[in-house]
Amino acid sequence: MKTTITNILTRRVTRLMTMAVLLTAIVSGCANDDSLSPLPEEEQQMTLQFTITAQRLYDRSRTLLLPSGTEQIGSPAENIIDTEHITFLLFDGSKRLITLFYPTVAPENSDEGKNHLRYIVTAKLPSNIFDYATGDNVDFYIMALANLQGNSPSRFNYPMGPDEDISLMFDTKSVITFAAPLQEHIPMSGLQLFTVSRTALAASSPDNPLKLYQDIANPKDINMLRAIAKIEIIDKIGYSATSSPTQKPEGKRISVISAKLAGYFSQGSILPEISNWERSGSFETQYVTGASIPSNAKYNTPVSFDAMMNQGKALDPTLNFAYDEYATTLRKDGCKVYSVYLPEFDPTKILLTNEKPWILVTLNIPADQTGDIDSDKLNPNYEIKLAEYTSGKPGEPLTILRNNIYRYEITGASSSLNLNWTVCDWDKPDDIDIPPFN
């Protein structure tokens, strides 16, 4: 189809109107506010439906898009998408911005809504919005940015104008950021390419929407990737893995009473660096292979464990772990789990002289197990380096990646802690709440 001068001008005007509200819409998350919509109602003739999910990263052929290893079930609170504050951006097949758009978003069906498995998105678009394409099919990308509201979003201040390349959205110098610690739902992002026939687009209407998740040759979901990581501390002290596994009650054994993370970046990026998603011949939501640290992120350098213990220096700021009821219920051994959420971390992004992240763990020792000792020794402090452990010894500092869980099991304590550690994929929801964000 040959594009007319009138269509070109119409599209450019529409896109200029879009950019006038782009900053306000993304930062405030007012994705359903009709007063912001740059698309006149009389032009909204095509109707598309697509799905977004944080449940599981599969493609439609059921190939798992996870790295190999152990999966960790995620709770509904870790998968929830605030449907009132989600932003959608439409890009052409060359990855250049067309417009923001303002669809309706609802759970796929009412009984699954409480588990936040999948959402149906219905979008009305002008009939001429894809007139840039030639041939029988139209290629376009849809990006979704969720749960920025309440987490101090910032940095959407660069000239993202008509026809700007999508790479600007991923650049560490201009990517939208959120603050740590989190205050509300987990920030997420997703991207998917769709190829749709012109005939199917022209036939769509509010009464007969084109369903991109089932009505096209290659149906797809938009998979949402959490922009943060999770650390778990498991109190496995006194656990006996016999034929009848048991663990003494907390008051009858040494137990964990608190944990704090010292050393973290003040901000994280809603989108990863573009190389994480633009690989293996595709450009879409994928598990990341490297940390993405926005250029304005400040590293909160902690004092060392020795300086805190022996020099009286204050450990501030910290991210405090909270009891994680949901993760506890997932464990076959029933051992108590404490967890915290944090932005990605890359040890190469801080000075060599900076103290690396570490976790302060405080234990409780029942008096009847220690004899007549000073009361301050009933709650001894221990250090866990944010590192991979081998034979109980910490190695190099970890690179912390989004959508992964880093787990440390404490199995005993004397002059130091006895630890097991692993990293696993954050996946699959259920229906028990997680602890509040710090």
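That block above? That's the structure.
The structure contained in this document is the topic of the report that follows. Note that the coordinates shown come from a computational prediction; the quantities given were computed from them, not determined experimentally.

**Comments concerning the pairing of strand β27 (residues 387-390)**
Moving residue by residue along a regular strand, the side chains alternate between the two faces of the sheet.
Piece 1. With three bridges joining them, β27 and strand β28 (residues 393-397) adopt antiparallel strand pairing. Across the sheet, the residue bridging to Tyr389 is Pro394, located in β28.
Piece 2. Remark: two residues form the turn of the hairpin made by β27 and β28, two consecutive strands paired antiparallel; Ser391 in that turn has positive phi of roughly 50°.

**Re the nonpolar core**
Piece 1. Of all hydrophobic cores here, the largest spans 70 residues; its most connected members are Met143, Met169, Ile231, Ile359 and Ile384.
Piece 2. Ranked by size, the runner-up nonpolar core spans 34 residues in total, among them Met46, Val138, Ala144 and Met224.

**Focus on the environment of Phe50**
Piece 1. Here Phe50 shows up in strand β1 (residues 44-53).
Piece 2. For Phe50, a relative accessible area of 0% puts it in the buried group.
Piece 3. For the pair Phe50 and Asp221, spaced 171 residues apart in the sequence, the C-alpha separation amounts to 6.8 Å.
Piece 4. The contacts of Phe50, once residues within four sequence positions are left out, are Phe88, Phe101, Tyr119, Ile120, Val121, Ala123, Ile142, Phe194, Leu212, Tyr213 and Ile222.

**Here's the deal with the side chain of Ser269**
Piece 1. Along the chain, Ser269 turns up in strand β18 (residues 267-269).
Piece 2. A polar side-chain atom of Ser269 sits 3.4 Å from the main-chain carbonyl oxygen of Ser292.
Piece 3. Once residues within four sequence positions are removed from consideration, Ser269 is found in contact with Val175, Ile176, Thr177, Phe178, Ala227, Ser292, Pro294 and Arg402.

**Notes on the sheet that holds strand β3 (residues 86-92)**
Piece 1. One open sheet holds the five strands; their spatial order is β4-β3-β7-β9-β12, and the pairing between them is antiparallel. Edge positions in the sheet fall to β4 (97-101) and β12 (225-226), since each of these pairs with one other strand and no more.
Piece 2. Direction of pairing for β3 relative to β4: antiparallel, over a ladder of four bridges. If you follow Leu90 over to β4, its bridge partner there is Thr99.

**Comments concerning the pairing of strand β24 (residues 336-342)**
Piece 1. Within β24, six of the seven residues are buried, which leaves the element mostly enclosed by the surrounding structure.
Piece 2. Of the pairings in the sheet, the one linking strand β13 (residues 229-235) to β24 comprises seven bridges and is antiparallel in character. Bridge pairing in β24 places Glu232 opposite Ser339.
Piece 3. With two bridges joining them, strand β23 (residues 322-323) and β24 adopt antiparallel strand pairing. The partner of Ala322 across the bridge, within β24, is Ser339.

**Describing the sheet that holds strand β26 (residues 381-385)**
Sheets are built from strands paired through backbone hydrogen bonds, the pairs being either parallel or antiparallel.
Piece 1. As summarised here, the arrangement of the four strands in space is β22-β16-β25-β26, forming an open sheet in which the pairing is antiparallel. Looking at strand neighbours, the two that pair on one side only are β22 (319-320) and β26, the edges of this open sheet.
Piece 2. Taken together, the two bridges between strand β16 (residues 255-262) and β22 define a ladder with antiparallel strand orientation. Looking at the pairing, Leu261 lines up with Leu319 of β22.

Reading guide: rules and limits
- As a convention, each chain's residues are numbered from 1 in the sequence order in which they are written.
- Totals for whole chains, interfaces and linings use every residue, but because this is a predicted model, local features are given only for residues with pLDDT of at least 70 and side-chain atom pairs only at 80 or more, for both listing and counting.
- Side-chain numbers come from the whole structure's heavy atoms, not from hydrogens or water.
- Two strands pair if DSSP finds at least two bridges between them.
- Runs of E in the DSSP output that reach at least two residues are strands. Runs of H or I that reach at least four are helices, and both are numbered from the N terminus.
- Definition used in this section: a nonpolar core is a set of buried Ala, Val, Leu, Ile, Met, Phe, Trp, Tyr and Cys residues joined via side-chain atoms within 4.5 Å.
- A 1.4 Å probe rolled over the protein chains alone gives each residue an accessible area, and that area as a share of the maximum for its type sets the label: buried under 20%, exposed over 50%, partly exposed in between.
- Should any heavy atoms of two residues lie within 4.5 Å, those residues are counted as being in contact.
- N or O atoms closer than or at 3.5 Å make up a polar contact, with two conditions inside protein: a donor-capable atom paired with an acceptor-capable one, and, for residues adjacent in sequence, both atoms drawn from side chains.

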